[in-house]
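The residues making up each chain are set out below.
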Amino acid sequence: MRTKLFWSLAGGALLLVTGCENVKPWQRGTLADESMTDERNRANIALNEHVFFSREAATGGRGVAGGGCGCN
Amino acid sequence: MWFHKQRSLRVIIGCFALLTAAPGFAAAPIKVGDTFPSFSESKLEGSLPDLKGKVVLVDFWASWCVPCKRSFPALNELHKRYGDKGLVIIGVNVDEQRASMDKFLKATPASFALVRDAEQKLVAKTEVDVMPTSFLLDATGRVRFLHRGYQGDETKKEYIREIEELLKAR
């Protein structure tokens, strides 16, 4: 019984592993699309950035190069 | 019983390693000193200029890549400055949609040669890890310099130094 459970779990885990896919740097067009950002209102982004920077002394990471689009 | 457990664990670890290693079986990245892959085998859209005996700058770019956009004026300038002296610049677009490339080029014109790697075969052979990536090839087609990304004037200065060096050695 335990062996069966063990093998079913192991098999399930292996099936999940095959679902992983690496997105190559040249395939990131869709990811870099503006529609993929959580906030599309530029004024809102600027305001939030300002508040965030004042509170945290850090900025960036919201849709600019280096934020995961594969540019640099 | 203990032995069996050990064995099945090894089998599972083995399978896991094989499955996770699968993407690693892809082509190795092109590095300095390698011969650049053949353009003709990659079914590129657009026509290539004559590359025989020329120093070639191959630049992989995409419309969604901000540094690519910033690099175009510099590439245009290099083409103007060294085009007659034996330099060929080839911009290889890797966009999935042709319309994205056309829209980009309308806003950011290019005076150098452009081809489109619609099937992303050439870029997959080179295994670049950032966009843009450019390869500077000598007259024999060997990669002599490689640039990851575009860092403005710093990269432009490097291009000029390297191109002049390769043109002199031609």
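The structure contained in this document is the topic of the report that follows. (Residues numbered from 1 in each chain as written. Chains lettered and ligands numbered in written order. Predicted model: local features only at pLDDT ≥ 70, side-chain atom pairs only at ≥ 80, totals over all residues. Heavy atoms only, no water.)

1. Notes on the pattern of salt bridges
Residues and elements named next belong to chain B. Threshold: The rule for a salt bridge is simple: a side-chain nitrogen of Lys or Arg has to be within 4 Å of a carboxyl oxygen of Asp or Glu. Only protein chains enter the accessibility calculation, which uses a 1.4 Å probe; a residue whose area is less than 20% of its type maximum is buried, one above 50% is exposed, and one in between is partly exposed.
Inspection of every chain in the model, using the stated rule, returns 11 salt bridges over all chains. Between E119 and K121 there is a salt bridge, with the nearest N and O atoms lying 3.3 Å from each other. Taking relative accessible area as the criterion, E119 reaches 46% and is therefore assigned partly exposed. Classification of K121 by relative accessible area gives partly exposed; the value is 33%. Salt bridges linked by common partners bring E45, R98, D102 and R116 together as one network.

2. Considerations on the packing of helix α2 (residues 66–82) of chain B against helix α5 (residues 153–169) of chain B
A pair of packed helices can be characterised by two numbers: the angle between their axes and the separation between those axes. Residues and elements named next belong to chain B. For clarity, the cut-off: With axes taken as lines fitted to C-alpha atoms, and helix axes fitted only over the stretch in contact, angles between N-to-C directions fall between 0 and 180 degrees. Strands are runs of DSSP state E lasting at least two residues, helices are runs of H or I lasting at least four, and both sets are numbered from the N terminus onward. These descriptions rest on fixed angle ranges, namely under 35 degrees for roughly parallel, over 145 for roughly antiparallel, 65 to 115 for roughly perpendicular, and the rest for oblique. In this scheme, a crossing is called left-handed if the near helix is turned counterclockwise away from the far one by less than a right angle; it is called right-handed if the turn is clockwise. Here a residue-residue contact requires only that any non-hydrogen atoms of the pair lie within 4.5 Å. Only Asp, Glu, Lys and Arg are considered charged in this grouping, and only Ala, Val, Leu, Ile, Met, Phe, Trp, Tyr, Cys and Pro are considered nonpolar; every other residue, Gly among them, is considered polar.
Interhelical geometry of α2 versus α5 gives an angle of 25° and a closest axis separation of 11 Å. Relative to α5, the element α2 is oriented roughly parallel. In the crossing of α2 with α5, the sense of the turn from one axis to the other is right-handed. Facing A74, L75, E77, L78, R81 and Y82 of α2, the residues of α5 in contact are K156, Y159, I160, I163, E164 and L167. Looking at the contact of α2 with α5 residue by residue, the classes come out as eight nonpolar, no polar and four charged.

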